[in-house]
Amino acid sequence: MHIVITGGAGFIGKKLAATLLASDGIELQGMPKRRLDRLTLFDVVEADGLPADQRLQVRAGDITNADQVRALIDDNVDAVFHLAAIVSANAEADFDLGVAVNLDGTRHVLEACRHLGSSPRVIFASSVAVYGGHMPKMGHDDMWLNPQTSYGAQKAAGELLVNDYSRKGFVDGRALRLPTIVVRPGKPNKAASTFASSIIREPLAGEPAICPVSRDSVMYILSPRRVVEAFVHALTLPGDIFGPARMLTLPGISVSIGEVEAALARVAGRHVADRIEWKPDDHIQRIVSGWLPAFDAVRAKSMGFAADETIDEIIHAHIEDELGGEIR
Ligand SMILES: NC(=O)c1ccc[n+]([C@@H]2O[C@H](COP(=O)([O-])OP(=O)(O)OC[C@H]3O[C@@H](n4cnc5c(N)ncnc54)[C@H](O)[C@@H]3O)[C@@H](O)[C@H]2O)c1
């Protein structure tokens, strides 16, 4: 089996790659388990920290270049995880770049897959940013799409294309709407949600972190472990289980920033939680107040997708996976 991950040098792409390489085969439901023969990571930046594995191939390239994407997705490709994207604040600041990467890039992937004639599986990373406007306290599967950012609009458009290419039989697609993924390792990025990870990651590493929003602000989140599980699960599910809607909002947990602070104190100690510095920022507060606070993911759960149990579990997982079990 040959799998491609676009955006393979990114945070989720690298974790997904490591999980696929560590698995003893991929079992597409209803079919015998197949070996992973080749895994190709495609990205505009260089990937570091990848496992040494002969099945792994890293290709530098630009998703906005249709010819490069066509060359990437060759006859042997069975499945594509399409993760390459410009994140929210970046897509808002540079409209043309957002359209080129998030929308045209998705079209290029779908067209290259269509050209194969074998209807490969395509798993598209969408986002709960497709929702917006008057947000209910609890989102639900029949909620309409009303993105309030260019990023959200580009993801919504990508989802519709995945659905239509699937309806036509060009691809066997699935679009997963991801909650905010916490804890993101590494450095802060340009996403408006970057503080959501910083306020856990930096204190655990012995550093201060600025929290720009109030303690009663609520976020809908999922851990890196669970999102990688969700991508692998989405790959294995038979297409017909999605019915006429290939898009799906993943289960997550709903936590307030005050609950994150309390969990950090429980797991790592009060002195660690006290490394959060509270510096309200009206601009970020307004953005966060417009986010989906919670979602009743009935459909995804019925298809076997799962969320973390608690914020404590998410913090423990970060300590194990990224800090070698040690808190500073
Ligand atoms: N992390 C989250 O909280 C979150 C939430 C919702 C949705 N998502 C979506 O999940 C996917 C993965 O997210 P992530 O957190 O790993 O993001 P990331 O920014 O770490 O990874 C995205 C990768 O795409 C690559 N990329 C950007 N432009 C490209 C181009 N022109 N050609 C090729 N590659 C290009 C980047 O270099 C980067 O490595 C994205 O599609 C993102 O929109 C993430």
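Values in this document were obtained by computation on a predicted structure and should not be read as measured data.

Chemist: Explain the site of the ligand here, please?
Modeler: Within the structure, the ligand sits among 24 residues, and Gly7, Gly10, Ala85, Ala125 and Leu178 are positioned closest to it. Mapped by element, the contributors of at least two residues to the shell around the ligand are helix H1 (11-22), strand S5 (121-127) and strand S7 (180-181). Sorting elements by how many residues they give to the shell around the ligand places H1 first, with three residues.

Chemist: Is there a simple way to think about the sheet that holds strand S10 (residues 247-249) in this case?
Modeler: Hydrogen bonds between backbone atoms are what pair the strands of a sheet, whose relative direction is either parallel or antiparallel. Reading across from one edge, S3-S2-S1-S4-S5-S6-S10 is the order of the seven strands in this open sheet, with parallel pairing throughout. On the outer flanks of this sheet lie strand S3 (56-60) and S10, each paired with one strand and no other. Averaged over all pairs of adjacent strands, the angle between their axes in this sheet comes to 20°, without regard to strand direction. Where strand S1 (residues 2-6) meets strand S4 (residues 77-82), five bridges bridge the pair, whose relative direction is parallel. The partner of isoleucine 5 across the bridge, within S4, is phenylalanine 81. Contacts between H1 and the sheet are confined to S1, strand S2 (38-43), S3 and S4, with S2 contributing the most and set at about 175° to the helix.

Chemist: Before we go on, may I ask you to explain the packing of helix H6 (residues 194-204) against helix H8 (residues 257-268) in this structure?
Modeler: Describing two packed helices takes the angle between their axes plus the distance from one axis to the other. With their axes 10 Å apart at the nearest point, H6 and H8 run at an angle of 25° to one another. When the interaxial angle is binned, H6 and H8 end up roughly parallel. Read as a crossing pair, H6 and H8 show a hand that is right-handed. Contacts from Ile199, Ile200, Pro203 and Leu204 in H6 reach Val260, Leu264 and Ala268 in H8. The class makeup of the residues in the contact of H6 with H8 is seven nonpolar, no polar and no charged.

Chemist: Honestly, H8 in this entry has me stumped. Any pointers?
Modeler: In an α-helix there are 3.6 residues to a turn, and that puts residues three or four apart on one side. In this model, H8 (12 residues) spans 16 Å end to end at C-alpha, consistent with the 16 Å of a helix rising 1.5 Å per residue. Taken as a whole, H8 has its buried residues at Ile257, Val260, Glu261, Ala263, Leu264 and Val267. End-on, the buried residues of H8 take up no more than an arc of 165°, which puts them together on one face. Its buried side turned inward, H8 meets H6, strand S8 (209-211), strand S11 (253-256), helix H9 (270-273), strand S12 (276-278) and helix H12 (311-322). Following H8 by one or two positions, glycine 269 adopts a phi angle in the positive range, close to 110°.

Chemist: Sorry, what's going on with the sheet that holds strand S9 (residues 218-222) here?
Modeler: Judged by pairing direction, the sheet is mixed, and its three strands sit side by side in the order S7-S9-S11 without closing on themselves. What marks the edges here is a single partner per strand, and that holds for S7 and S11.

Chemist: Is there a simple way to think about unusual backbone geometry in this case?
Modeler: Among all residues save glycine, negative phi is the norm, and among peptide bonds the norm is trans. Residues valine 182 and valine 183 are joined by a peptide bond in cis, for which omega reads 15°. Along the chain, valine 183 turns up in the loop between S7 and H6. In this model, serine 119 sits at a positive phi of 50°, which is unusual for a non-glycine residue.

Chemist: What exactly am I supposed to notice about the environment of alanine 273 here?
Modeler: Inspection of the secondary structure assignment puts alanine 273 in helix H9. Accessibility expressed as a C-beta count within 10 Å gives 19 for alanine 273, which makes it partly exposed. It is 8.5 Å that separates the C-alpha atoms of alanine 273 and alanine 263, two residues lying 10 residues apart in sequence. Ignoring sequence-local partners within four residues, the contact set of alanine 273 consists of Pro203, Glu261, Leu264 and Ala265.

Chemist: Whenever I open this one, the environment of isoleucine 5 confuses me. Can you help?
Modeler: Considering the arrangement of structural elements, one finds isoleucine 5 in strand S1. In sequence terms isoleucine 5 and leucine 16 are 11 residues apart; their C-alpha atoms lie 8.6 Å from each other. The residues contacting isoleucine 5, other than those within four sequence positions of it, are Gly13, Leu16, Ala17, Leu41, Phe81 and Leu83.

Chemist: How should the pairing of strand S6 (residues 172-178) be read in this particular structure?
Modeler: S6 sits mainly inside the fold: seven of its seven residues count as buried. Alternating positions in S6 separate into two faces, Asp172, Arg174, Leu176 and Leu178 on one and Gly173, Ala175 and Arg177 on the other, with burial throughout. Handedness of the S5-helix H5 (residues 150-167)-S6 crossover: right-handed. Examined bridge by bridge, S6 and S10 share three bridges and lie parallel to one another. Residue pairing across strands places leucine 176 opposite leucine 248, the latter belonging to S10.

Chemist: Quick question: what am I supposed to make of the packing of H8 against H12 here?
Modeler: In contact at an axis separation of 9 Å, H8 and H12 are set at 55° when each is read in the N-to-C sense. The angle between H8 and H12 places the two elements in the oblique class. Crossing hand, H8 versus H12: right-handed. Mapping the contact onto sequence places Glu259, Val260, Ala263, Leu264, Arg266 and Val267 in H8 and Ile311, Asp312, Ile315 and His316 in H12. Here the contact of H8 with H12 is built from residues that sort into six nonpolar, one polar and three charged.

So, how was this worked out
- Residues numbered from 1 in each chain as written.
- Predicted model: local features only at pLDDT ≥ 70, side-chain atom pairs only at ≥ 80, totals over all residues.
- Near = placed C-beta within 6 Å.
- Helix = DSSP H or I, 4+ residues; strand = E, 2+ residues; numbered from the N terminus.
- Pairing = 2+ DSSP bridges.
- Axes fitted to C-alpha atoms, helices over the stretch in contact; angles between N-to-C directions.
- Contact = placed C-beta atoms within 7 Å.
- Parallel < 35°, antiparallel > 145°, perpendicular 65-115°, else oblique.
- Left-handed = near helix turned anticlockwise from the far one by under 90°.
- Nonpolar A, V, L, I, M, F, W, Y, C, P; charged D, E, K, R; others polar.
- Expected span 1.5 Å × (residues − 1).
- Buried ≥ 20, exposed ≤ 12 C-beta atoms within 10 Å, placed from the backbone.
- Arc of directions from axis to C-beta.
- Right-handed = clockwise from strand over helix to strand, strands pointing away.

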